[in-house]
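# Structure at a glance
One letter stands for each residue in the lines below.
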Amino acid sequence: MNSNQTQQTRRGRPGAMTMAMQAVQLRPSGPKVLRIGLIQGGRIVEERIVRKRETVLVGTSEKNHFVVQAKGLPSRFELFQLVGQDYILNFRDDMKGRVGLPGGVQDLQQLRSSGSARNAGSHWQVKLSDNSRGKVVIGNVTLLFQFVVPPPVQPRPQLPAAARAGFVRALDWLFTAHVTFAFMAMFSLIVYMENADWPIEQGIAAVPDAVARMIFEEPPPPPEEEPLEEEPTEAEEATEEAKPEPKETPKKDEPAPKETKEEVAEKTARIAEEAAQAAEALIVGALSAEAGGVLADVLAGGAVTGMAEDVLAQAAGVGVAQSSAGGALRTRTGGGRGSGVGGLGALARRGGGKAVAEGKAVAERRIRGRAKLSTGGGDIGGTGDFDDKVVIRTIKTRLRAIQACYERELRRNPTLAGKVVVQFTIEERGNVTGSKATENTTGSDAVASCVVNTIRRFRFNPGPEGGSVTYSYPFVFAPQN
């Protein structure tokens, strides 16, 4: 090997002096430190080197160096106490073990009995040296200890020199150039568009022709349709002839003549007299048994106790009354006894003929009830979590179905009223189970059963979280009329 190769070899690896200096730098300095192992159940469960010379604590507290469970042991016990630069072993009467001292290996019981250990009241103390080692048994846990030279501090790992290149070397210059060029081009385009003076048309010229015609030109008026002339019937001609001739209306320019107080009083008296004559003719005609009046037919058998539709069904048709002041009115079509003009007394009971009633059949009067959700209800138990507002909103949305249960029985008993308290359970899926009536003051089991079955078909989406919830709500029912 020549001199050049020798120099290259020396440059590639450190020399003996350099390695010796590095070993001196990594060699620990200072006193020894404690190395403690924790044995439980015949095996080592934890081992630690206390690099810093400090008091080592054991006990049940998590802030200790070692967590040990033993009867009578406090939560924090100073097992190895640092006093100055020396360690002192503290042990209690219920602790066992051995320790190696300069005088030899001795048992903790021997140290207490021989007086080698100092009595500190609640525990005993023995001074340790840097060569001491031993074990201490606390309950079912054994601690092995010894003093060792602190291991060298490992240097922080570093990347290779090739990977520790600078920021500039890591840049992709081609990609950086493309991004820079694109940014400059877009920025220049934005600046140009912001500063460009674009021509803007002003005035009516900017409005399209079609829009201008819609705005400024009025649309032509729609053509007027000529009304169709209908030929008057004979009854209308008779009515037109019976009408008094219209008085001449004063012209707009001419003022209307003022009436005196005497004329106003005379006109009022005349209207009252005509109304009295019309009412008298109406009552006499309806009560006339000779003419077969409707009220005479109805009251012929005594007091009216039947249904209204049964009473009204006895009339075969409707006639038009005559009076000295009311004039002649046409008979309504569909009457049971021909046509013509007659008095109210001429309304006869329907006989065996097939008279057709006018228009549609008389509809049955609909009985309406009122159902409302009363206060005093809510959550009474369960393991789930559910919003009461969702329950009330769902019930009010479907309150019409509950009202239908009450109206169905109200037709049979018009005085039916009261309160029904329903208890039900909402499951996690939103379905209802365990629906039952806990109180019913209406006196009708059919109403309570219908309301319970209706609530059983309710669905709440989403359902309760974490389990089911039981609710109880009162429903108050009353007739509307």
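Right, let's walk through the structure included here. Residue indices begin from 1 for each chain and proceed along its sequence in written order. Totals for whole chains, interfaces and linings use every residue, but because this is a predicted model, local features are given only for residues with pLDDT of at least 70 and side-chain atom pairs only at 80 or more, for both listing and counting. The side-chain figures draw on all heavy atoms in the structure; neither hydrogens nor water molecules are used.

## Considering a negative patch on the surface
Going by this rule: A patch consists of residues whose relative accessible area exceeds 30% and which take part in no salt bridge; residues with like charges are grouped when within 9 Å of each other, and nonpolar side chains (Val, Leu, Ile, Met, Phe, Trp, Tyr) when within 5 Å. Computed with a 1.4 Å probe, the accessible areas rest on the Shrake-Rupley method; for each residue, only the protein chains presented here act as cover. Salt bridge, as applied in this entry: a Lys or Arg side-chain nitrogen positioned within 4 Å of an Asp or Glu carboxyl oxygen. When charges are tallied, Lys and Arg are placed among the positive residues and Asp and Glu among the negative ones, while His and the ends of the chain are skipped. Taken as the charge location is NZ of Lys, CZ of Arg, CG of Asp or CD of Glu. Where helices and strands are cited, they refer to DSSP runs of H or I of at least four residues and of E of at least two residues respectively, numbered from the N terminus.
A cluster of acidic residues, D379, D385, D387, D388 and E465, forms a negative patch on the protein surface. Of note, D385 is situated in the loop between β14 (378-382) and α10 (388-397).

## So, the sheet that holds strand β7 (residues 96-101)
What counts here: We treat two strands as partners when DSSP finds at least two bridges between them. Interaxial angles span 0 to 180 degrees and are taken between N-to-C directions of axes, which are lines fitted to C-alpha atoms, for helices over the stretch in contact.
Within the open sheet, the six strands sit side by side as β2-β1-β12-β11-β7-β8. Their pairing is antiparallel. The open sheet terminates on both sides in strands that have one partner only, identified here as β2 (43-50) and β8 (104-107). On average, each strand axis in the sheet is inclined to that of its neighbour by 20 degrees, with strand direction left out of account. Summarising the sheet, β7 and β8 pair through four bridges and their orientation is antiparallel. Counted as the bridge partner of V99 is Q106 from β8.

## With respect to the packing of aromatic side chains
Note the cut-off: Centre distance within 6.5 Å is the pairing criterion for rings of Phe, Tyr and Trp, where only the six-membered ring of Trp is used; planes under 30 degrees apart are then read as stacked, over 60 as edge-to-face, and the remainder as tilted. Residue exposure (1.4 Å probe, protein chains only): buried if accessible area is under 20% of the type maximum, exposed if over 50%, otherwise partly exposed. In our convention, an over-ring charge means Lys NZ or Arg CZ found within 6 Å of a ring centre and within 35 degrees of that ring's normal.
Tallying each qualifying case throughout the model produces eight aromatic pairs. Ring geometry for Y87 and F147: centres 5.6 Å apart, planes at 50 degrees, overall tilted. Of this pair, Y87 sits in strand β6 (residues 86-91) while F147 sits in strand β12 (residues 141-148); the two residues are 60 residues apart in sequence, bridging distant segments of the chain. The pair formed by Y87 and F147 is uniform in burial state, with each residue classed as buried. Note that R48 overlies the ring of F66, its terminal NZ or CZ placed 5.0 Å from the centroid.

## A few points about the sheet that holds strand β10 (residues 124-127)
Sheet strands pair via backbone hydrogen bonds, and the direction of the pair is either parallel or antiparallel. In space, the six strands of this open sheet follow the order β4-β3-β5-β6-β10-β9, with mixed pairing throughout. Among the strands making up the open sheet, the edge pair consists of β4 (66-67) and β9 (118-119). One ladder, built from four bridges, connects strand β5 (residues 77-83) with β6; its direction is antiparallel. Within β6, the position partnered with F80 by the bridge is L89.

## Points about a nonpolar patch on the surface
Together, M186, L189, Y192, M193 and W198 give the surface a local cluster of nonpolar side chains, amounting to about 600 Å² of exposed area. Mapped onto the elements of the fold, L189 is located in helix α4 (residues 173-195). Using a relative accessible area of 44% as the deciding quantity, one classes L189 as partly exposed.

## Describing the pattern of salt bridges
The tally for this structure, following the rule as stated, stands at seven salt bridges. Between R412 and E409 there is a salt bridge, with the nearest N and O atoms lying 3.1 Å from each other. Among the residues examined, R412 registers a relative accessible area of 63% and is labelled exposed.

## A closer look at the side chain of S472
Short version of the rule: In this description, contact between two residues means that some pair of their heavy atoms is separated by no more than 4.5 Å.
Tracing the sequence through the fold places S472 in strand β17 (residues 469-479). Classification of S472 by relative accessible area gives buried; the value is 15%. Apart from residues lying up to four places away in sequence, S472 is in contact with G377, G378, I380, V421, V422 and Q423.

## Observations concerning helix α11 (residues 399-410)
Basically, it comes down to this: Every helix has an expected span of 1.5 Å times one less than the residues it contains.
Here α11 contains 12 residues, and its C-alpha end-to-end distance of 17 Å stays within 8% of the 16 Å for a straight helix at 1.5 Å per residue. Buried residues of α11: L399, I402, Q403, C405, Y406, E407, E409 and L410, and no others.

Keep in mind these values describe shape, not function.
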